[in-house]
Amino acid sequence: MFSYTLKKIIMTIPTLFILALLIFMLMRSVPGDPAVLIVGDLADPAVLAQVRLELGLDKPAYVQFWLWLSRALGGDLGVSLITGEDILTGLLSRFTVTAQVVLVAILFSASIAIPAGMVAAWRQNRPTDFSIVFLMNVFLSIPGFWMALMFIFLFGVYLNWLPTIGYVSLAEDFSGGMKYLLMPVLSLVFLEVATLTRMMRASSIEVLRQEYVTHARAKGLSEGVVLRRHVFKNAFAPTLTMLGLTLGSLLGGAAVIETVFTLPGLGRFLVEAIYARDYAVVQGVLIFVAGVYVLVNLCVDLLYPVLDPRVRL
């Protein structure tokens, strides 16, 4: 187990390095001059040259990459070219908002999708299976932003139960904050539960056809025990992979949902930086998102041996 864990951790290092290099090259290929963005295109050439010197833009690209990577590894992602805000501080404050919404949404989605998928597989080609599959297909066919708008109309405008836009920190007012987070969480649940349910159903159907499941039934075990002991553990691994991918992706910023509900999260932070052409923030957000994505999937990889000891071999 130790060698498996060490191998997985070591493999993340070149992955992160390549991602950092790609992000740096991508940002350098974007048209525009950060120095002009700071001082304006009508500034004196000497002032522009001075700003480029301070930003290190006069150095070769590989030197700029090395300096940026060195500072990033030390936790220094620079400051915003527009607001002067420290990027890492801004990232962490916004990531907290995104994490609150995403983690609760993923927890609810998994809590619904795993039993629903197993029940659908167990009752395959029966009314229960058809009902669950039909419902999940409906969820899959509805765009996330439209679902979010319908929630705003129903719970915020028509019933007047929940605030339509805005955000209150849970640390400041827990009950008030929950009211603001409820509709974004529900929107993400409807987005993700269908995919997870379909994945769990497909893998459960495959496991239910295995000989060891037939043997377990032949021993007289109840269907509940068979599903819990023999089906769940072997069918959950593909769903865990999907959970990791979904969680990593959403933690990187659920931009659409955050924009619809005006949440000050990571996705909205990135979108606003792109509109403002704030290269430093975009670059910092991208490397942060890449790191979160790799870290989440590393955790998923480390959980595989718990479900299937053959992975360690």
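Summary of the structure given here. Bear in mind that the values here come from a model prediction, so they are computed numbers and not experimental data.

1. Quick look at the packing of helix H1 (residues 2-29) against helix H4 (residues 61-73)
Point 1. At a closest axis distance of 11 Å, the pairing of H1 and H4 adopts a crossing angle of 125°. As summarised for this structure, H1 and H4 are arranged oblique, according to the angle between their axes. The chirality of how H1 crosses H4 is right-handed. On H4, the residues touching Phe 17, Ala 20, Leu 21, Phe 24 and Arg 28 of H1 are Ala 61, Gln 64, Phe 65, Trp 68 and Leu 69.

2. What about the packing of aromatic side chains?
Point 1. In total, this model carries eleven aromatic pairs according to the counting rule given.
Point 2. Among the aromatic residues, those joined into a ring-pair cluster are Phe 139, Phe 151, Phe 155, Trp 161 and Phe 190.
Point 3. Sitting above the plane of the Phe 269 ring, Arg 94 keeps its charged end 4.0 Å from the centroid.

3. Quick notes on a nonpolar patch on the surface
Point 1. A cluster of nonpolar side chains, Phe 17, Ile 18, Leu 21, Leu 22 and Met 25, forms an exposed patch at the surface whose accessible area comes to about 470 Å².
Point 2. With respect to the secondary-structure elements, Ile 18 resides in helix H1.
Point 3. By relative accessible area, Ile 18 is classed as partly exposed at 47%.

4. Considerations on the pattern of salt bridges
Pairing is possible between side chains that carry opposite charge, provided their charged atoms lie close to one another.
Point 1. In total, this model carries four salt bridges according to the counting rule given.
Point 2. Of the charged contacts, one joins Arg 201 and Asp 129 as a salt bridge, the two residues approaching to 2.8 Å between their closest N and O atoms. With Arg 201 in helix H8 (residues 174-208) and Asp 129 in helix H6 (residues 127-141), the pair connects residues that are 72 residues apart, well separated along the chain.
Point 3. Asp 129 gets classed as buried once you look at its relative accessible area, which sits at 1%.

Definitions and limits used
Residues numbered from 1 in each chain as written. Predicted model: local features only at pLDDT ≥ 70, side-chain atom pairs only at ≥ 80, totals over all residues. Heavy atoms only, no water. Axes fitted to C-alpha atoms, helices over the stretch in contact; angles between N-to-C directions. Helix = DSSP H or I, 4+ residues; strand = E, 2+ residues; numbered from the N terminus. Parallel < 35°, antiparallel > 145°, perpendicular 65-115°, else oblique. Left-handed = near helix turned anticlockwise from the far one by under 90°. Contact = heavy atoms within 4.5 Å. Phe/Tyr/Trp six-rings, centres within 6.5 Å; stacked < 30°, edge-to-face > 60°. Lys NZ or Arg CZ within 6 Å of the ring centre and 35° of its normal. Patch = residues over 30% accessible without salt bridge, like charges linked within 9 Å, V, L, I, M, F, W, Y side chains within 5 Å. Areas by Shrake-Rupley, 256 points an atom, 1.4 Å probe, with all protein chains shown as cover. Salt bridge = Lys/Arg side-chain N within 4 Å of Asp/Glu carboxyl O. Buried < 20%, exposed > 50% of the residue type's maximum accessible area, 1.4 Å probe, protein only.

In short, geometric facts, not functional conclusions.
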